[in-house]
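# Chain and residue survey
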Amino acid sequence: MDARRIAGRGQGSLPWQTCVATMLGAERVSIREQRWTSMDESVREILARERAGGEVIVRGWLRTVRHSKQVSFLEVTDGSCFDGLQVVCSEACEGFEEVVRQLSTGCAVEARGELVDSPGKGQRFEVDGTRVVLVGGVGDDYPLQKKRHSFEFLRTIAHLRPRTNTIGAVLRVRDVASMAIHEFFHEHGFVQLHAPIITLSDAEGAGEMFRVSTLEPGHDPRDENGNPSFADDFFGAPTYLSVSGQLEAEIGALALSRVYTFGPTFRAENSNTSRHLAEFWMVEPEVAFCDLQGLADLAEDFLKSVFAKVLERCADDLAFFDKRIDDTVLSSMAHVIEAPFERIDYSEAVKILEASGRDFEFPVHWGVDLQSEHERYLTEEHFQKPLIVTDYPKGIKAFYMYSNDDQKTVGAMDVLVPRIGEIIGGSQREHREDVLTARLAEQELEPERYWWYLDLRRHGSVPHAGFGLGFERLIQFMTGMGNIRDVVPFPRVPGNAEF
RNA sequence: UCCCCGGUAGCUCAGCUGGUAGAGCAGGCGGCUGUUAACCGCCGGGUCGUAGGUUCAAGUCCUACCCGGGGAGCCA
């Protein structure tokens, strides 16, 4: 072990640097030589200690500062957990007059002191500050104040909004949910498949796509006959950002049995709603030797497992959402975890809606797709719990879905949850070559473009099924956040790709 | 893309039937208190989204456009 490693705890392998702090009055002061490391004890770890005692070092940003005549209270957050750590400084603290008394919300600091039991209310521990160093000051136009901001405003300062209570909590929930998803699949023998992001076709017909091209703007590719040509383009063919990894996941499932994708997905739709993004993350498991009921079981187990883990690991963050954003967050999550999901088929759903006596904007009858208002009635009012609707009319669903024996419906399923509506959409896939070919013809799709998809049905084809989960919609449901733009760190929507 | 609502100080908003702008918070200064979105006093701060139009007079009325929000469609 070399000398640097012996020098102190948590001091990893980064080089020495000189730290220069900018004082609030723009006076620049070289404070000391200091080593920055990546593995210091976090606020979360400090707050999780069994008991007070011993010196701690806290590095983070000031959520708020309260100055009294002889004492200053600094609330330092480092993003590791919802709560900050209160540092209490009096004249005995090194840097009290020059640093502490000048501090304001948003400053980056390093504070040292003894971890003690807090005599005040609102926190278990606090730090009896012995030394505070300003690492980075803020201008007097620092936009984050210790008051409530509108989410619309925060979106205009997406470079700073992760420092707020709400967005910080959202990002932690995102992280934990993401890990919980990977854990669930790995506990159940799934292999993660990295589906391509650049694809040739809109195989699913899932709407407008983003073109990917290296051709110069204004270049209008034509062959000698004046027909469109992409011979000069990078891939020699028109290419797009993926709208789904499903078709590739099917390839994986028909070799590895259980696979899932978890990656970015792109839609160039001009959608302007609180539930749509141009770039979002989608989870798509695909399972061989599985039918629609097996898929519904998987979807329910999956959601229950992920929700339980997030509830356990993000208790503070979720308590905050329940208190300040939506007071049904905790009860909704508990409900998802505990209650068996209701399962009905499409025909029953239509009967319930017809018998509801409701005056829907879009009238319901067998054969039409369910609208948002119908889905919400079913899950929020009629059943008041998550609901899986199966076996939709074939006329409103995609070509690749399994044709049922009744010749009228396909093996599709949607998982509906209160507040959000459709959170999961999936189906058993059509694995019979002749039926699939007929379905392509019915929908006037060119079989040549799906040659490899059809070829899969010629060689060792088996019943298989899969679903897609919009990751941001899952986070919306967990946090109660009303706008999907506030559950993704850098939202991409029509007309806005800043940050 | 369609329907509805909105755009006033750094932020959150008020400004009635037209008479050239206010509050709270933030910021600066001072005071005070083991504080918890601390509190009290004083001060600075706005070409009222943009461009036209009506009028003696427009933040206020009209038109167009831009931006934002809610809902719908599309979907995840």
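Predicted, not measured: the structure shown is a model, and the values here were computed from it. (Residues numbered from 1 in each chain as written. Chains lettered and ligands numbered in written order. Predicted model: local features only at pLDDT ≥ 70, side-chain atom pairs only at ≥ 80, totals over all residues. Heavy atoms only, no water.)

### Overview of the protein's contact with RNA strand B
- Within the structure, RNA strand B sits among 48 residues, and Ser-68, Arg-155, Thr-273, Gln-371 and Arg-473 are positioned closest to it.
- Per the 4 Å cut-off to the protein, sugar and phosphate atoms form 49% of the nearby atoms of RNA strand B.
- Asn-272 has a polar backbone atom sitting 3.3 Å from a base oxygen of RNA strand B.
- Where the surface near RNA strand B is concerned, the elements lending two or more residues are strand 3 (55-67), strand 5 (85-89), helix 3 (151-156), strand 13 (279-288), strand 17 (421-428) and strand 18 (464-470). (Near = heavy atom within 4 Å. Polar contact = N/O pair within 3.5 Å; in protein donor to acceptor, adjacent residues only side chain to side chain. Helix = DSSP H or I, 4+ residues; strand = E, 2+ residues; numbered from the N terminus.)

### Notes on the sheet that holds strand 15 (residues 387-393)
- Ordered in space as 8-12-13-18-17-16-15-14, the eight strands form an open sheet in which the pairing is mixed. Each edge of the open sheet carries a strand with a single partner, namely strand 8 (191-192) and strand 14 (342-345).
- The strands touched by helix 5 (residues 246-256) within the sheet are strand 8, strand 12 (258-266), strand 13 and strand 18, with strand 13 carrying the most contacts at an inclination of about 30 degrees.
- Seen against the sheet, helix 9 (residues 346-355) touches strand 14 and strand 15 and runs at an angle of roughly 95 degrees to strand 14. (Pairing = 2+ DSSP bridges. Contact = heavy atoms within 4.5 Å. Axes fitted to C-alpha atoms, helices over the stretch in contact; angles between N-to-C directions.)

### Observations concerning the pairing of strand 15
- Taking burial as the measure, the seven residues of strand 15 include seven buried ones, the bulk of the element.
- Direction of pairing for strand 15 relative to strand 16 (residues 409-417): antiparallel, over a ladder of six bridges. What sits directly across from Leu-387, in strand 16, is Leu-416. (Buried < 20%, exposed > 50% of the residue type's maximum accessible area, 1.4 Å probe, protein only.)

### Observations regarding the packing of aromatic side chains
- Within the structure shown, the criterion is met by 19 aromatic pairs.
- Ring plane angle 20 degrees and centroid distance 5.2 Å describe the contact between Phe-185 and Phe-302, whose orientation is recorded as stacked. Of this pair, Phe-185 sits in helix 4 (residues 165-187) while Phe-302 sits in helix 6 (residues 292-313), placing them 117 residues apart in sequence. In terms of burial, Phe-185 and Phe-302 fall into one category: buried. (Phe/Tyr/Trp six-rings, centres within 6.5 Å; stacked < 30°, edge-to-face > 60°.)

### Section: the confidence of the model for chain A
- Of all residues in chain A, 91% attain a pLDDT of 70 or more, and the chain-wide mean is 87.
- Mean pLDDT in chain A bottoms out at helix 1 (residues 3-6), which sits at 27, and peaks at strand 8, which reaches 98.
- For this predicted complex, the interface score ipTM comes out at 0.88, alongside a pTM of 0.89. (pLDDT = per-residue confidence, 0-100.)

### Side note on the sheet that holds strand 7 (residues 125-136)
- As summarised here, the arrangement of the five strands in space is 3-4-5-7-6, forming a closed barrel in which the pairing is mixed. For this sheet, the mean inter-axis angle between neighbouring strands, taken without regard to orientation, is 55 degrees.
- By the bridge criterion, two bridges tie strand 5 to strand 7 in an arrangement that is parallel. Across the sheet, the residue bridging to Val-87 is Val-127, located in strand 7.

### Comments concerning the environment of Phe-190
- Along the chain, Phe-190 falls in the loop between helix 4 and strand 8.
- Since its relative accessible area comes to 5%, Phe-190 is described here as buried.
- Taking the C-alpha atoms as reference points, Phe-190 and Ser-257, separated by 67 residues in sequence, lie 7.9 Å from one another.

### A closer look at the pairing of strand 12
- Burial runs high along strand 12: seven of the nine residues are buried.
- Pairing of strand 8 with strand 12, which is carried by two bridges, proceeds in the parallel orientation. Residue pairing for strand 12: Gln-192 is matched across the bridge by Tyr-260.

### Describing the pattern of salt bridges
- Under the counting rule described, the total for this entry stands at 28 salt bridges.
- Here Glu-183 makes a salt bridge to Lys-309, at a shortest N to O gap of 3.0 Å. Of this pair, Glu-183 sits in helix 4 while Lys-309 sits in helix 6, and the two are 126 residues apart along the sequence.
- By relative accessible area, which is 26% here, Glu-183 ends up partly exposed.
- With a relative accessible area of 12%, Lys-309 lands in the buried category.
- With a closest N to O distance of 2.9 Å, Lys-309 and Glu-187 form a salt bridge. With Lys-309 in helix 6 and Glu-187 in helix 4, this residue pair connects regions lying 122 residues apart in the sequence. (Salt bridge = Lys/Arg side-chain N within 4 Å of Asp/Glu carboxyl O.)

### Re the environment of Leu-387
- Turning to its location among the elements, Leu-387 is positioned in strand 15.
- For the pair formed by Leu-387 and Asp-414, sequence separation is 27 residues and the distance between their alpha carbons is 8.1 Å.
- With residues near it in sequence (within four places) discarded, Leu-387 still touches Glu-342, Ile-344, Leu-378, Thr-379, Asp-414, Val-415 and Leu-416.

### Quick look at unusual backbone geometry
- At Gln-384, a position not held by glycine, the phi torsion is positive, near 55 degrees.
- Note on placement: Gln-384 falls in the loop between helix 10 (372-382) and strand 15.

### Observations concerning helix 4
- Here helix 4 is 23 residues long and its end C-alpha atoms lie 33 Å apart, about the 33 Å a rise of 1.5 Å per residue gives.
- Directly after helix 4, the chain includes Gly-189, whose backbone phi takes a positive value near 75 degrees. (Expected span 1.5 Å × (residues − 1).)

### Topic: the environment of Leu-247
- For Leu-247, the location among the structural elements is in helix 5.
- For the pair formed by Leu-247 and Glu-55, sequence separation is 192 residues and the distance between their alpha carbons is 56 Å.

### Some words on helix 10
- Buried within helix 10 are the following residues: His-374, Glu-375, Tyr-377, Leu-378 and Thr-379.
- Lining the buried residues of helix 10 we find helix 9, strand 15, strand 16 and strand 17.
- Directly beyond the C-terminal end of helix 10, a positive phi value near 55 degrees is found at Gln-384.

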